[in-house]
Amino acid sequence: MERLNPETTPMPAVERPLIYANLRQPGYTVDLDCYLKHGGYEALKKAVAMKPEEVCKEVETSGLRGRGGAGFPTGMKWKFLDRKSGKPAYLVVNADESEPGTYKDRQIIYKDPHQMLEGIAITAWAIQAKQAFIYIRGEFIHGAKILEAAIAEAKSKGFLGQNILGTGYSCEVVVHRGGGCYVCGEETGLIESLEGKRGYPRIKPPYFPAVLGLYNCPTIVNNAETMAQVKHVLAFGGAEFAKIGVPGDSGTHIWGVSGLVKRPGLYEIEAGKATFGELLYDFCGGPLDGRKFKAIIPGGSSTKILKFGERFKGKLPNGTEFDWALEDIPLDSNSIAACGTGLGTGGTIVLDDSVEMIQALSNLNAFYAHETCGQCTPCREGSLWLSRVSGRIAKGGAKESDVPLLLDIANQVAGRTICAHGEAVAWPVQSAVPKFKDEYLESIRLRQRGEPVPKLKLI
Amino acid sequence: MQTPSPSAADRPLRPETLAKAPAIVAQYPQKRSATMPLLHLVQEDRGHITKDDMHWVAEQVGVTPMQVLEVVTFYPMFRQSPIGRRHVRVCRTLSCALRGSYALMEGLEKSLNCPRGETSPDGDFTLEFVECIADCGCGPVVHVDGAMHENVEPAQAEAFAAKLKATLKDPDYGRRAPQPGTPEWNG
């Protein structure tokens, strides 16, 4: 048989399921027995045989970056935990999965809850938290029940609760359901919500959760998938885990592709080992029949939009110069950030030539206007104005000057708010207006002339 | 024809609801954290949250009723008025919209005889657009009470509505243990 030379022939990109390895197995179930048969809680045994600070060190060495969207190094976050205050430390797991386009954590919660719980037990041990909370979005009604049942099972076998694995160390885990509010995915808004209040994000400083978090105690807030990744960091060991992926971005990323592709779905790919072209064509089967790709929102709705046909030029953090088409961009956080956007949560929304871009923007603007908490004037007013102005472009009654007005409003929101919702409001507008200005103007003219508009309705 | 029980808003909370409260409150280092779990509990009991319920929650967690009202009015999932027998929530946000959720909504409005944001005159359905419910690869998705229906194509609106209407005659609706892979499991 003829062998392909990997040096000269590009190998087709393949998935590397770590997080989804179990749940992809036929017949895999959520119960503890099934998890144990698949090697469950072995990483926890390894962890509790180590000192907590050694576990922290492994995670730091692994180079793991948080999977909630910001991509902050997990090990470094744990280092910020105030251990001198004498107050109890809390672990809060952010399972609020509310960034539009993101549906990766849902799979873990509904299909492999013990994997996340094992990561929680390891993390709690590492930071010596005696109490952990899983803040799960209110709409995951059955998901919360699955987690509660899994916690009860884990407690009955000594993996959680009192005297974990005979160490004398105890940690209780409580599942806390949200109320359908996007801003509670922001860590300080989440903490307020968990305290039984409105989910108004807190100002930093002084409210860095690692110092003044839940009940004004030191708190680590980590994403649900990050917890699952921590389990694998311990299973591999930090140094081995760091070899998965590329320098600066280790492990796998789950790409949750939605929108207008042949095979929307979740694809777990080693960081940097495939490109957007491979993701969209090889994994997702390309555009729908007779359509052409137009743009993608790469990592959840707040990340900046990328247009097909653009060239991306610049320098990577390691100094390498690049000149890429959208299809060439490698799927790791540094490469994607170098193209002016972000990997975010990996929730890629795909738009094709059937989409009228102002309707897509208006759809997102309506989302942010609905979800602003209303604390900061620029965000509260700006998000509503953006929604109205883009809405009138999409529905009729707009002037051409409304297009630059969109940008003007967005520029007054970003950087002027307590939390990142301000940026989430502004970025889709700031990135899309310069790229699709001409099409927006055409949308205004179409409606002024009373001509037919694209059929797909998005607002 | 059945109409929503007029007593639902007036009757006391069920004894089993009251009995669950202390254990929920005890889970938290500070009682106030139990505000949202108790509000969910009340809403599961009655279908919505009344002023008296807010007073009860306030007592359980040691805050003023006003502080409970603040929470109720902040979170979209909490409601202060009754809804229809089936709560139909269609995802509106971009991923689902790209797959036709607006056309689906129009179809459901017709088939269920219910404008979006309202309850049908017979009290059977409340139909709403909601923001992203984190199942974006299977759009359009429709969350009906505790069940998540995926890939509900706009062309299937009428058939889907018929399926929902059939559940009104199912005496065990919502009471069966969910099986993996079903809308009930994913709800």
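Just so we're clear, the structure is a prediction, and the values are computed from it rather than from any experiment. (Residues numbered from 1 in each chain as written. Chains lettered and ligands numbered in written order. Predicted model: local features only at pLDDT ≥ 70, side-chain atom pairs only at ≥ 80, totals over all residues.)

Asks: How should I be thinking about the overall build of chain B in this particular structure?
Replies: A tally of regular secondary structure across chain B gives 7 helices and 5 strands. Judged by the C-alpha coordinates and their principal axes, chain B covers about 50 × 40 × 30 Å. Within chain B, the proportion of its 187 residues that are buried is 42%. Within chain B, contacts between residues separated by at least 24 positions form 62% of all contacts whose residues are at least 6 apart in sequence. (Helix = DSSP H or I, 4+ residues; strand = E, 2+ residues; numbered from the N terminus. Buried ≥ 20, exposed ≤ 12 C-beta atoms within 10 Å, placed from the backbone. Contact = placed C-beta atoms within 7 Å.)

Asks: What is the right way to look at the overall build of chain A in this model?
Replies: The helix and strand tally for chain A stands at 16 helices and 13 strands. Relative to the compact-globule value of 23 Å for 459 residues, chain A shows a C-alpha radius of gyration of 23 Å, a close match. Principal-axis analysis of the C-alpha atoms places the extent of chain A at approximately 75 × 65 × 45 Å. Counting only contacts in chain A whose residues sit at least 6 apart along the sequence, the fraction spanning at least 24 positions is 72%. (Rg over C-alpha atoms; globule rule 2.2 N^0.38 Å.)

Asks: I tried to follow the sheet that holds strand E2 (residues 118-119) of chain B on my own but got confused; where do I start?
Replies: Where strands meet in a sheet, backbone hydrogen bonds hold them as pairs that are either parallel or antiparallel. All names here are of chain B. The 5 strands are arranged E2-E3-E1-E4-E5 in an open sheet whose pairing can be described as mixed. Of all the strands in the sheet, just E2 and strand E5 (147-149) have a single pairing partner and so form its edges. Across the sheet, helix H6 (residues 101-111) touches strand E1 (86-91) and strand E3 (125-130), and the angle it forms with E1 is around 155 degrees. (Pairing = 2+ DSSP bridges. Axes fitted to C-alpha atoms, helices over the stretch in contact; angles between N-to-C directions.)

Asks: Explain helix H7 (residues 157-167) of chain B here, please?
Replies: Every α-helical turn comprises 3.6 residues, leaving residues that sit three or four positions apart pointing alike. All names here are of chain B. What H7 keeps buried is the set Ala157, Phe160, Ala161 and Leu164. Looking straight down H7, one finds that the buried residues subtend no more than 100 degrees of arc, so they occupy a single side. Exposed positions of H7 whose direction lies more than 90 degrees from the buried face are Ala162 and Ala166. Those residues of H7 hidden inside the fold are in contact with E1, H6 and strand E4 (142-144). (Arc of directions from axis to C-beta.)

Asks: What am I meant to see in the domain arrangement of chain B here?
Replies: A common way to state how big an interface is: give the accessible area lost once the parts meet. Domain annotation for chain B reports domain 1 (10-74) and domain 2 (86-167). Computed from C-alpha atoms alone, the centre-to-centre distance between domain 1 of chain B and domain 2 of chain B is 29 Å. (Domains from an automatic or database assignment.)

Asks: Looking at this structure, how should I read the interface of chain A and chain B?
Replies: At the junction of the two partners, chain A supplies 50 residues and chain B supplies 40 residues. Elements with a contribution of two residues or more to the side of chain A that touches chain B: helix H5 (104-111), helix H7 (141-156), strand E3 (172-177), strand E7 (252-259), strand E8 (265-270), strand E13 (347-352) and helix H13 (357-371) of chain A. Sort the elements by how many residues they give to the side of chain A that touches chain B and H13(A) lands first, with 6 residues. Taken together, the residues of the side of chain A that touches chain B break down into 20 nonpolar, 20 polar and 10 charged. (Nonpolar A, V, L, I, M, F, W, Y, C, P; charged D, E, K, R; others polar.)

Asks: Just checking my understanding: could you explain unusual backbone geometry for this structure?
Replies: Most peptide bonds take the trans configuration, and most residues that are not glycine carry a negative phi. Residues and elements named next belong to chain A. Omega for the peptide link from Lys204 to Pro205 comes to -15 degrees, which places this bond in the cis form. By secondary structure assignment, the location of Pro205 is in the loop between helix H8 (187-194) and strand E4 (219-223). Of note in the backbone geometry, Leu165 takes a positive phi value of approximately 50 degrees without being a glycine. Residue position: Leu165 is located in the loop between H7 and E3. On the basis of neighbour counts, which here come to 18 C-beta atoms within 10 Å, the residue Leu165 falls in the partly exposed class. Of note in this structure, Asn216 is not a glycine but carries a positive phi near 60 degrees.

Asks: What is the right way to look at the pairing of strand E11 (residues 311-315) of chain A in this model?
Replies: Two faces make up the sheet, and in a regular strand the side chains alternate between them. Residues and elements named next belong to chain A. E11 sits mainly on the outside: 0 of its 5 residues count as buried. Of the pairings in the sheet, the one linking E11 to strand E12 (residues 321-325) comprises 5 bridges and is antiparallel in character. What sits directly across from Lys315, in E12, is Glu321. In textbook terms, the turn of a hairpin is the stretch between consecutive antiparallel strands, and for E11 and E12 this stretch comprises 5 residues, one of which, Gly319, has a positive phi near 95 degrees.

Asks: Is there a simple way to think about the sheet that holds strand E9 (residues 293-297) of chain A in this case?
Replies: Residue and element names in this part refer to chain A. Within the open sheet, the 5 strands sit side by side as E8-E7-E13-E9-E10. Their pairing is mixed. Here the strands that pair on one side only, and so sit at the sheet edges, are E8 and strand E10 (306-307). Both E7 and E8 contribute to a ladder of 6 bridges, which runs antiparallel. Paired with Trp255 across the strands is Tyr267, a residue of E8.

Asks: Even after reading the chapter, I still don't get the domain arrangement of chain A, so can you show me in this structure?
Replies: All names here are of chain A. Split by domain assignment, chain A resolves into domain 1 (32-243), domain 2 (252-342) and domain 3 (357-448). Inter-centroid distance (C-alpha atoms) of domain 1 to domain 3 is 35 Å. Tallying the contact residues gives 10 residues for domain 1 and 8 residues for domain 3.

Asks: Honestly, the packing of helix H14 (residues 377-395) of chain A against helix H16 (residues 421-448) of chain A in this entry has me stumped. Any pointers?
Replies: A pair of packed helices is captured by two measures, namely the crossing angle of their axes and the spacing between those axes. Residue and element names in this part refer to chain A. Their axes nearest at 12 Å, the elements H14 and H16 cross at an angle of 20 degrees. Between H14 and H16, the angle is such that the two are roughly parallel. Like other packed secondary-structure pairs, H14 and H16 cross with a definite hand, here left-handed. Seen from H14, the contacting residues are Pro378, Cys379, Gly382, Ser383, Leu386, Ile393 and Ala394; seen from H16, they are His421, Gly422, Val425, Val429, Tyr440, Ser443 and Ile444. (Parallel < 35°, antiparallel > 145°, perpendicular 65-115°, else oblique. Left-handed = near helix turned anticlockwise from the far one by under 90°.)

Asks: Help me understand the environment of Glu128(B), please; the structure alone is not making it clear to me.
Replies: All names here are of chain B. Structurally, Glu128 can be placed in strand E3. Sequence-wise, Glu128 and Ala21 are 107 residues apart; in three dimensions their C-alpha atoms are separated by 30 Å. The contact partners of Glu128, leaving out residues within four places of it in the chain, are Arg89, Arg116 and Gly117.

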